[in-house]
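Take a look at the letters that make up each chain.
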Amino acid sequence: MNKPQKENINNKILLEFTKTIEMFGLTPLESRLFTYLYLADKPMTLDDMAEALGKSKTAMSTSIRTLADQNLVTRVWKKGVRKSLYKAHTQLFKAFMISYLNKWVEAVNQQKSAFIELEQMMKEIKRNHTNLKLKATEERLQEIIQFHQEMEDVFREVKKD
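Here the structure is a predicted model, which is why all the values come from computation and not from measurement. (Residues numbered from 1 in each chain as written. Predicted model: local features only at pLDDT ≥ 70, side-chain atom pairs only at ≥ 80, totals over all residues. Heavy atoms only, no water.)

So, helix 4 (residues 57-69)
Because each turn of an α-helix spans 3.6 residues, side chains separated by three or four positions in sequence point in the same direction.
Next, step 1: An ideal rise of 1.5 Å per residue puts 18 Å on 13 residues; helix 4 measures up with 18 Å between its terminal C-alpha atoms.
Next, step 2: Listed as buried for helix 4 are Met60, Ser63, Ile64 and Leu67. Seen end-on, helix 4 carries its buried residues on one side only, within an arc spanning 100°. Turned more than 90 degrees away from the buried face of helix 4, the exposed residues are Thr58 and Asp69. (Helix = DSSP H or I, 4+ residues; strand = E, 2+ residues; numbered from the N terminus. Expected span 1.5 Å × (residues − 1). Buried < 20%, exposed > 50% of the residue type's maximum accessible area, 1.4 Å probe, protein only. Arc of directions from axis to C-beta.)

A few points about the UniProt feature "domain: HTH marR-type" (unreviewed entry) in the protein
Next, step 1: Feature annotation in UniProt places "domain: HTH marR-type" (unreviewed entry) on residues 24-75, given in this structure's numbering.
Next, step 2: Helix and strand shares over residues 24-75 are 63% and 6% respectively, and the end C-alpha atoms of the span are 21 Å apart. (UniProt positions renumbered as here; feature names shortened; annotations may be inferred.)

So, the domain arrangement of the protein
Next, step 1: Taken domain by domain, the protein consists of domain 1 (3-90) and domain 2 (93-159).
Next, step 2: Relative to domain 2, the C-alpha centre of domain 1 lies at a distance of 37 Å.
Next, step 3: Listed per partner, the contact involves ten residues of domain 1 and six residues of domain 2.
Next, step 4: Taking both sides of the interface into account, the surface hidden between domain 1 and domain 2 amounts to around 660 Å²; carbon and sulfur atoms contribute 71%.
Next, step 5: Considering only the surface of domain 1 that becomes buried against domain 2, Phe24, Gln70 and Leu72 emerge as the three largest contributors, covering 73% of it.
Next, step 6: The interface formed by domain 1 and domain 2 contains zero salt bridges.
Next, step 7: Split into classes, the residues belonging to the side of domain 1 that touches domain 2 amount to six nonpolar, four polar and no charged. (Domains from an automatic or database assignment. Contact = heavy atoms within 4.5 Å. Buried area = accessible area lost by both parts, 1.4 Å probe. Salt bridge = Lys/Arg side-chain N within 4 Å of Asp/Glu carboxyl O. Nonpolar A, V, L, I, M, F, W, Y, C, P; charged D, E, K, R; others polar.)

Some details on the packing of aromatic side chains
Next, step 1: Taken as a whole and judged by the stated rule, the model has seven aromatic pairs.
Next, step 2: Each ring, one from Phe24 and one from Tyr100, has its centre 5.3 Å from the other, and the planes form 80°; the classification is edge-to-face. Of the two residues, Phe24 sits in the loop between helix 1 (3-22) and helix 2 (28-39) while Tyr100 sits in helix 5 (residues 92-128), which places them 76 residues apart along the sequence.
Next, step 3: Relative to Phe155, the ring of Trp104 lies with its centre 5.3 Å away and its plane at 45°, an arrangement referred to as tilted. One end of the pair, Trp104, is in helix 5; the other, Phe155, is in helix 6 (residues 135-160), with 51 residues separating them in the sequence.
Next, step 4: Residue Trp104 is classed as partly exposed on the basis of its relative accessible area, which comes to 35%.
Next, step 5: Residue Phe155 is classed as buried on the basis of its relative accessible area, which comes to 17%.
Next, step 6: Three or more aromatic residues joined by ring pairs form one cluster here, namely Phe17, Phe24, Phe34, Tyr38, Phe96, Tyr100, Trp104 and Phe155. (Phe/Tyr/Trp six-rings, centres within 6.5 Å; stacked < 30°, edge-to-face > 60°.)

Comments concerning a nonpolar patch on the surface
Next, step 1: A cluster of nonpolar side chains, contributed by Met1, Ile9, Ile13 and Leu39, occupies part of the molecular surface with about 400 Å² of accessible area.
Next, step 2: Mapped onto the secondary structure, Met1 falls in the segment before helix 1.
Next, step 3: The exposure class of Met1 is exposed, given its relative accessible area of 72%. (Patch = residues over 30% accessible without salt bridge, like charges linked within 9 Å, V, L, I, M, F, W, Y side chains within 5 Å. Areas by Shrake-Rupley, 256 points an atom, 1.4 Å probe, with all protein chains shown as cover.)

Description of helix 6
Next, step 1: For helix 6, which comprises 26 residues, the first-to-last C-alpha distance of 38 Å matches the rise-based estimate of 38 Å (1.5 Å per residue) to within 8%.
Next, step 2: Of the residues making up helix 6, those classed as buried are Leu141, Ile145, His148, Glu152 and Phe155.
Next, step 3: Buried residues in helix 6 make contact with helix 5.

With respect to the nonpolar core
Next, step 1: By size, the foremost hydrophobic cluster in this structure holds 21 residues, and its most contacted members are Leu33, Phe34, Leu37, Met49, Met60, Ile64 and Leu67.
Next, step 2: Secondary structure elements with two or more residues in this core: helix 2, helix 3 (46-53), helix 4, strand 2 (85-88) and helix 5.
Next, step 3: Discounting chain neighbours no more than four positions away, the residues touching Phe34 are Phe17, Ile21, Leu67, Leu72, Val73, Ala88, His89, Leu92 and Phe96.
Next, step 4: With five residues, the next largest nonpolar core counts Met122, Leu134, Leu141 and Ile145 among its residues. (Core = buried A, V, L, I, M, F, W, Y, C linked by side-chain atoms within 4.5 Å.)

What follows is the structure in structure tokens.
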């Protein structure tokens, strides 16, 4: 296989795998950066990434920070290299599932908190307006809160495995 053919295949892999990574809620640039680092055979500096992807060093810094916050990339040290180097985690399934589940747990928690707040508001309204009939709404709200609690429980249980 000659160099242009190899480059063409690598570009297609980069393009297609980036689409998969985007499904986990990363931006197109974050997805492309992760994929590029994953396919790279060595850790890279922000300058290397910016040049390879045709983006600014600032954009790379922002994206790498997001990927690091989600534990998808790691900063590495190499003797004699003064700039920060980064590499992608290679245990794809575990890294992405933990990241994805963390997002879901956080989102479910936020929603559940909002519904609990609404429940408190409803109780206050009922106290002030004793003739107001809210039984059906209260029951549905309880079901919604329970639904969120069950989702949270499932995501936390899956995360343990």
